[in-house]
Amino acid sequence: MDNKITVTAIINADTKKVWDYYTNPSHIVNWNFADPSWHCPKAENDMKVGGTYKARMEAKDKSFGFDFEAVYSKIVEGKEFTYEFGGRTATVEFKSLGSQTELIVSFDPENQNPIEMQKGGWQSILNNFKTYTENESIA
């Protein structure tokens, strides 16, 4: 598909930290949800071509939840990766801006929800990532 949806954020952290926080399950569980009434109770990440990424997203009141699973098709360590999920593809790019990193996520839309709703949801997750990453110090 050429009609990808793209969301972006400028993170006030270097690319090494941004890559780690975006790909490490111990960090993923702290930001991978679109709304404060949701959470990500578990995540797994086998970061290699053919490896799988799995995350559980659910409402904190347990009224609804779903599992997200993807398989990596391309990884350029520290710079970008592409994964496939449900017949769709997403690419995540990490562009160094010195002490900042531009994070660009492009994905194939699904056909069940309006484009703006999909873009808003993915942007909210990216905004959570930005907030979490900028407010956490490297241990």
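Residues numbered from 1 in each chain as written. Predicted model: local features only at pLDDT ≥ 70, side-chain atom pairs only at ≥ 80, totals over all residues. Heavy atoms only, no water.

Draft legend 1. Structural context of the overall build of the protein chain. In terms of helices and strands, the protein chain carries 3 helices and 7 strands. Traced from its N-terminal end to its C-terminal end, the protein chain shows the element sequence β-α-α-β-β-β-β-β-β-α. At 14 Å, the protein chain has a C-alpha radius of gyration in line with the 14 Å of a compact globule built from 139 residues. Considering only C-alpha atoms, the protein chain reaches an extent of 40 × 35 × 30 Å along its principal axes. Residues classed as buried in the protein chain amount to 39% of the 139 residues present. A separation threshold of at least 6 residues defines the contact pool for the protein chain, and within that pool the share at least 24 residues apart is 49%. On the protein chain, roughly 7,700 Å² of surface is accessible, and the fraction owed to carbon and sulfur atoms is 49%. Seen as two clouds, the 15 positive and the 20 negative side-chain charges of the protein chain have centres 2 Å apart. (Helix = DSSP H or I, 4+ residues; strand = E, 2+ residues; numbered from the N terminus. Rg over C-alpha atoms; globule rule 2.2 N^0.38 Å. Buried < 20%, exposed > 50% of the residue type's maximum accessible area, 1.4 Å probe, protein only. Contact = heavy atoms within 4.5 Å. Areas by Shrake-Rupley, 256 points an atom, 1.4 Å probe, with all protein chains shown as cover. Lys, Arg positive; Asp, Glu negative; His and termini not counted. Charge placed at Lys NZ, Arg CZ, Asp CG, Glu CD.)

Draft legend 2. Quick peek at the environment of Thr91. Among the structural elements, Thr91 can be located in strand β6 (residues 88-97). On the accessibility criterion, Thr91 (16% relative accessible area) is buried. Residues Thr91 and Lys74, 17 residues apart in the sequence, show an inter-C-alpha distance of 8.9 Å. Aside from chain neighbours lying at most four places away, what touches Thr91 is Glu80, Phe81, Thr82, Ile104, Val105 and Ser106. Only 3.0 Å separates the side chain of Thr91 from the side chain of Thr82, close enough to count as a polar contact. (Polar contact = N/O pair within 3.5 Å; in protein donor to acceptor, adjacent residues only side chain to side chain.)

Draft legend 3. Layout of the pattern of salt bridges. On inspection of all chains with the given rule, the structure shows 7 salt bridges. Lys62 is the partner of Glu58 in a salt bridge, and the nearest nitrogen-oxygen pair spans 3.7 Å. A relative accessible area of 62% means that Lys62 is categorised as exposed. When the shortest N-O distance is used, the salt bridge between Glu134 and Lys130 registers 2.7 Å. Of the two residues, Glu134 and Lys130 are both situated in helix α3 (residues 115-135); the distance of 4 residues between them amounts to about one turn of the helix. Its relative accessible area of 29% is what places Glu134 among the partly exposed residues. Residue class for Lys130 comes out partly exposed when judged on its relative accessible area of 24%. (Salt bridge = Lys/Arg side-chain N within 4 Å of Asp/Glu carboxyl O.)

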